[in-house]
Amino acid sequence: QQQQQQQQQQQQRQKARPTPSTSAASSAVIAAIATRTLMNSDDAASSSSSSSDSSSELEEGRAKGEPSGTKARTLRFCGVDFGRHPITSGLIQDKLCPAVTRGDNFLVADRSNRALAFGCEVTEGQIRLIYNGSVHEEQSEAVVLVLRLCLALSAFGHNCTDAEQIIQDICSNMKLPSVVVTFELRRCLFSIAGLPPHILNLSRGIHADKLAAVTKLATFLSSAQVLPSTSVCSTLIDQILEEPDPYGKWFQIFAFQGLCMCAAICAFGGSYMDILAAGLCAPIVTITLRVSSYLKTLRRLEGVLIPTTLGLVLPVVWRYMMPTEPCHVVSWYLSCLLVFLPGSQLVYGAYEGGSILTGGGRLIGAIVRCMFLVLGLSLGWQVFGHDAATPYIGKEGAIASVPPREACGGGPIPWMMVFGVYNIPMLFFCLVGLNCRIRAMLGPFGVAYLSLLAFIALGQGKELPPTMVNIITVFLAGCLGAVYEYITGTPKQVALIPVVLILAPGAGAVLDALGGLHRSVYDMGPNTHMWDGLILESASYAFGLYLAQAVWRPLMKKRSRNWAGKPRSQSTPNLPDANEFTHRI
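Residues numbered from 1 in each chain as written. Predicted model: local features only at pLDDT ≥ 70, side-chain atom pairs only at ≥ 80, totals over all residues. Heavy atoms only, no water.

Draft legend 1. Seen up close, helix α10 (residues 230-242). Helix length check: α10, at 13 residues, gives a terminal C-alpha distance of 19 Å against a target of 18 Å (1.5 Å per residue), a fit within 8%. By the criterion of burial, α10 is predominantly enclosed, with 11 of the 13 residues buried. Buried within α10 we find Thr-230, Ser-231, Val-232, Cys-233, Ser-234, Thr-235, Leu-236, Ile-237, Asp-238, Gln-239 and Ile-240. (Helix = DSSP H or I, 4+ residues; strand = E, 2+ residues; numbered from the N terminus. Expected span 1.5 Å × (residues − 1). Buried < 20%, exposed > 50% of the residue type's maximum accessible area, 1.4 Å probe, protein only.)

Draft legend 2. Spatial organisation of the nonpolar core. In terms of nonpolar packing, the biggest core is built from 133 residues, with Ile-167, Phe-190 and Tyr-333 touching the most fellow members. No other element matches helix α7 (residues 140-155), which puts 12 residues into this core. Excluding residues that lie within four positions of it along the chain, Tyr-333 makes contacts with Leu-310, Leu-314, Leu-377, Pro-403, Pro-404, Arg-405, Leu-511 and Leu-514. Cys-479, Ala-482, Ala-548 and Met-556 belong to the second-largest nonpolar core, a separate cluster that totals 5 residues. (Core = buried A, V, L, I, M, F, W, Y, C linked by side-chain atoms within 4.5 Å. Contact = heavy atoms within 4.5 Å.)

Draft legend 3. Fine view of the sheet that holds strand β5 (residues 180-183). Ordered by their spatial adjacency, 3 strands build an open sheet running β5-β6-β7, and the pairing between neighbours is antiparallel. Lying at the two open borders of the sheet, with one neighbouring strand each, are β5 and β7 (198-201). The mean angle between the axes of side-by-side strands here comes to 15 degrees, regardless of whether they run parallel or antiparallel. As judged from the 4 bridges shared by strand β6 (residues 187-191) and β7, these two strands associate in the antiparallel manner. The residue bridging Leu-189 from the neighbouring strand is Ile-199, located in β7. (Pairing = 2+ DSSP bridges. Axes fitted to C-alpha atoms, helices over the stretch in contact; angles between N-to-C directions.)

Draft legend 4. Spatial organisation of the layout of surface pockets. Taken as a whole, the second largest pocket spans an internal volume of roughly 1200 Å³. Lining of the second largest pocket is provided by 41 residues; of these, Ala-267, Phe-268, Gly-269, Phe-455 and Leu-503 occupy positions nearest its centre. Taken together, the elements giving at least two residues each to the lining of the second largest pocket come down to α11 (249-266), α15 (326-336), α19 (415-433), α20 (442-461), α21 (466-488), α22 (493-503), α23 (505-520) and α24 (530-564). If one sorts the elements of the lining of the second largest pocket by residue count, α20 sits on top with 6 residues. Residue classes in the lining of the second largest pocket are distributed as 27 nonpolar, 12 polar and 2 charged. (1 Å grid on protein atoms, 1.4 Å probe; cavity = no way out; pocket = protein on both sides within 12 Å on 5 of 7 lines; lining within 4 Å. Points joined across faces, edges and corners; volume = space filled by probe spheres on them. Nonpolar A, V, L, I, M, F, W, Y, C, P; charged D, E, K, R; others polar.)

Draft legend 5. How the structure looks around the pairing of strand β4 (residues 120-123). For strand β3 (residues 115-117) and β4, the ladder comprises 2 bridges, and the chain directions are antiparallel. By the bridge assignment for β4, Ala-117 is matched with Cys-120. Where β3 folds back onto β4 in an antiparallel hairpin, the turn is made up of 2 residues, including Phe-118, whose phi is positive at roughly 60 degrees.

Here it is as structure tokens:
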């Protein structure tokens, strides 16, 4: 009852004096967007009828339990969505128009008991109550929107450094006073005007499709001269969150199987026999992932269960199906563990080195993950892999009962064939795993393909040290990714992650950790320092990425301001036309 009374008082105050989120200029902007979006012809009467039709279709879809914004807008075949994201093909018509007709007060009251989402159980009403009766009460809606953007950027795969800069730009554009925002590994701290900070738990993941949509929305809010209503933007975030993945689960399983098989030759220099062996071992990883996704207890042990179950299958395939030299087994398990190697975690850790907690935490987490992968693999190996290496090394006991660690020197397949031909299906499967839509795949594919060609060309020349090759490759990938972002607005991380995944900077750390296990059983191979090699390799990637970011940052800021639009006349609001707006956001 107290919350209802407070909401009624807030509504009365909003009627008495308009807040920034419901100002006349903002309402005029949203009305202009809605009107332009619905104008499929020159007749205004047909525009109003289409508005009522779309609203009725939306209500029908809600009554049937269908996700809003998805009705009659998806083109699916065999579990693959060949359409654009609904933000670019009808989301404005379904979401912004009802928001204008119902009004902001209705949306605020309707959302008061809704959680911020993305794994955070704090409700929007609880955030507003903190500012109720204070001098910053009018800015509570903007704070809720900014907190939801913080959670969304983290959940969909944005790095902490760039996310902090985007949020700072949004707060500056919204005129929020004295903003302090800090992203850490598992939480976010946000405060305005010296008030006690909001501390939110973050969820981490990578979803290219939704990351692109949220980043475009955040970029628009950071540069627009006339801002849309905060409640409409929150509804837009809800639509992004509720939108189904562009690929079905069976197609994702097929893509993971193809990724593991292609990685045997594209990432680890194996042979055609290694492709078949990786294909035999990959299904156990898929089964473990599916089972752990349904059981909460197993989901927490996923990082240990996956290498352990893989260690159960590997010696069976090696002993009874495909007996070969031990060096080939290395490419088998590395291929199946490719997506679990801490590649992006290493690069982001070095890239975010300015923050000791965030950058250092990522690097330490990468070390621990490598250790867990090695220990889990070795634990599962003991069941069927005892004395598995005896026919090849002539010894028995513990020294013959650990997974091999030395990879073969070079693959029998020419590098031009690998990086020119086999990288094509490899990149396709990788982008499918990142949930990059078919219609948005050309740009990231081109960036990754050209960068990897440059990497192998520089490496085969043997004129540069490997560290310099890494720097040049990632700098080129960062520049190409910035060009892609400049043209389309899609964040460059979507194009850079496949490059980092195939270069697999975490594979060397896994082999170094496995080397320590071999030395513990008196198998004295080459003595390597895992920490030194891991830090140097990840720092080389981060250095190239930082150089590309420094070169392109001024142009990207200018592009953001131009993308948000400028007034075309004294009487026209600062908004692009309907087609531009829908394609941009």
